[in-house]
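Structural overview
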Amino acid sequence: TQLLEQSPQFLSIQEGENLTVYCNSSSVFSSLQWYRQEPGEGPVLLVTVVTGGEVKKLKRLTFQFGDARKDSSLHITAAQPGDTGLYLCASSERNAGNMLTFGGGTRLMVKP
Amino acid sequence: DVKVTQSSRYLVKRTGEKVFLECVQDMDHENMFWYRQDPGLGLRLIYFSYDVKMKEKGDIPEGYSVSREKKERFSLILESASTNQTSMYLCASSLSNMNTEAFFGQGTRLTVV
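Residues numbered from 1 in each chain as written. Chains lettered and ligands numbered in written order. Predicted model: local features only at pLDDT ≥ 70, side-chain atom pairs only at ≥ 80, totals over all residues. Heavy atoms only, no water.

Notes on the overall build of chain A
Formally: What counts as a helix is a DSSP run of H or I of at least four residues, what counts as a strand is a run of E of at least two, and both are numbered from the N terminus. We take the radius of gyration over the C-alpha atoms and set the globule estimate at 2.2 Å times the residue count to the 0.38 power. Throughout this description, buried means an accessible area under 20% of the type-specific maximum (1.4 Å probe, protein chains only), exposed means over 50%, and partly exposed covers the range between. Here, two residues are considered to be in contact whenever any of their heavy atoms come within 4.5 Å of each other.
Scanning chain A for helices and strands turns up 0 helices and 11 strands. Going from N to C terminus, chain A has its helices and strands arranged as β-β-β-β-β-β-β-β-β-β-β. Relative to the globule expectation of 13 Å for 112 residues, the C-alpha radius of gyration of chain A, 14 Å, shows essentially globular dimensions. For chain A, the spread of C-alpha atoms along the three principal axes comes to 45 × 30 × 20 Å. Counting all 112 residues of chain A, 47% fall into the buried class. The long-range share in chain A, meaning contacts at least 24 apart out of those at least 6 apart in sequence, stands at 53%.

What to know about the state of the cysteines
Residue and element names in this part refer to chain A. Short version of the rule: Cysteine sulfur atoms that come within 2.5 Å of each other are treated as a disulfide pair.
In the structure shown here, the tally under the stated rule is 2 disulfides over all chains. Shown here is the disulfide that connects Cys-23 with Cys-89, its sulfur atoms set 2.0 Å apart. As the torsion about the S-S bond is roughly 75°, the Cys-23-Cys-89 disulfide counts as right-handed. Of the two residues, Cys-23 is situated in strand β3 (residues 19-24) and Cys-89 in strand β9 (residues 85-93); the sequence distance between them amounts to 66 residues.

Some details on the packing of aromatic side chains
Heads up, the rule is: Think of it this way: a Phe, Tyr or Trp ring, Trp meaning its six-membered ring, pairs with another when their centres are within 6.5 Å, and the plane angle makes it stacked under 30 degrees, edge-to-face over 60, tilted otherwise.
For the structure shown, the criterion picks out 11 aromatic pairs over all chains. Seen from their ring centres, Phe-102 of chain A and Tyr-35 of chain B are 5.3 Å apart, and the 90° between their planes marks the pair as edge-to-face. Here Phe-102 of chain A is found in strand β10 (residues 99-102), whereas its partner Tyr-35 of chain B is found in strand β4 (residues 31-38) on a different chain. Here Phe-102 of chain A matches Tyr-35 of chain B in class, with each residue buried. Between the aromatic rings of Phe-48 of chain B and Tyr-50 of chain B, the centroid separation amounts to 6.1 Å while the plane-to-plane angle is 45°, which identifies the pairing as tilted. Residue classification places Phe-48 of chain B among the buried residues on the basis of a relative accessible area of 0%. Assessed through its relative accessible area of 32%, Tyr-50 of chain B is described here as partly exposed. Aromatic rings pair up to connect Tyr-35 and Phe-102 of chain A together with Phe-33, Tyr-35, Phe-48, Tyr-50 and Phe-104 of chain B into one cluster.

Some remarks on the interface of chain B and chain A
Worth spelling out the cut-off: By convention, the term buried area covers the 1.4 Å-probe accessible surface removed from two parts as they join, with the contributions of both added. We count a salt bridge whenever a side-chain nitrogen from Lys or Arg sits within 4 Å of a carboxyl oxygen from Asp or Glu. Here a polar contact is recorded for every N or O atom pair within 3.5 Å, except that within protein the pair must consist of a potential hydrogen donor and a potential acceptor, and residues adjacent in sequence are included only if both atoms are side-chain atoms.
Chain B puts 25 residues into the contact, and the matching count from chain A is 27 residues. Both faces combined, the contact of chain B with chain A buries some 1,900 Å², and carbon together with sulfur accounts for 53% of it. Sorting the residues of chain B by area buried against chain A places Leu-43, Met-98 and Asn-99 of chain B first, and these three jointly supply 29% of that buried surface. At the boundary of chain B and chain A, one finds 0 salt bridges. At the boundary of chain B with chain A, the tally comes to 7 residue pairs in polar contact (both at pLDDT 80 or more).

Some points on the pairing of strand β6 (residues 55-58) of chain A
All names here are of chain A. For clarity, the cut-off: Strand pairing is assigned whenever DSSP identifies at least 2 bridges connecting the two strands.
Pairing analysis gives 4 bridges linking β6 to strand β7 (residues 61-65), with the strands arranged antiparallel. Along β7, the bridge assignment pairs Lys-57 with Thr-62. Hairpin remark: β6 followed by β7, antiparallel, with 2 residues in the connecting loop; positive phi at Lys-59, about 55°.

Topic: unusual backbone geometry
Geometrically, the link from Ser-7 of chain A to Pro-8 of chain A is a cis peptide bond, its omega value of -10° lying close to zero. Residue placement: Pro-8 of chain A occurs in the loop between β1 (5-7) and β2 (10-14). Phi at Lys-59 of chain A takes a positive value of approximately 55°, unusual for a residue other than glycine. You will see that Lys-53 of chain B, though not glycine, has its phi angle at about 65°, which is positive. If you trace the backbone, Lys-53 of chain B turns up in the loop between β5 (42-51) and β6 (54-57). Note on Lys-53 of chain B: relative accessible area 57%, which makes it exposed.

Remarks on the side chain of Thr-108 of chain B
Residues and elements named next belong to chain B. If you trace the backbone, Thr-108 turns up in strand β11 (residues 108-112). The class of Thr-108 is buried, set by a relative accessible area of 1%. Within the local environment of Thr-108, its side chain forms a polar contact with the side chain of Gln-6, the two groups lying 3.3 Å apart. If we skip the residues at most four places from it in the chain, Thr-108 touches Gln-6, Ser-8, Arg-9, Leu-11, Leu-21, Ser-87, Met-88 and Tyr-89.

Here you go:
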């Protein structure tokens, strides 16, 4: 199973600051998904990136897929308390029947 | 509204008990997953099913088994619960296509005492 490493593991920032979290693998991703999980809930999909070099924006969130498709980043501009949560990257492997595996997650806290 | 429903939000069981965690989805999805979530470890895949009666081991299948007799239902079974199986258990489902979204239940927090 593909190993996904996320960094940092924890991040605590003030409202209005910018931040970037990372997801890396030693092997090439066929595609990558980013999920956000709030306390007491299951993860919810934010975005899927498929093409090397791809950039997708979701309001203040910018997702980038590395050119070599071995890494991805999530950048949040002007973070707000509502962005607090656990951010997870995930990939599925075609040769494993589309089995979906997750990284360890980045726990973000945005303080007002 | 699409839905993945887990039978219990909270469960307390004794060491050695047989435990059943049930998951039902109403989206006619082919794929269903069971994960456990522990602090700092993210979501670790226990078992995956891509069709009725079909299953694949994930990263941590030891101590668990699964059953998928109907497309909408995927059960996780702890044959003999142990304290190291205390965790949050999350069920998910998805279509069989690549890059498709996984939908999650709200989780079952299991405590084994």
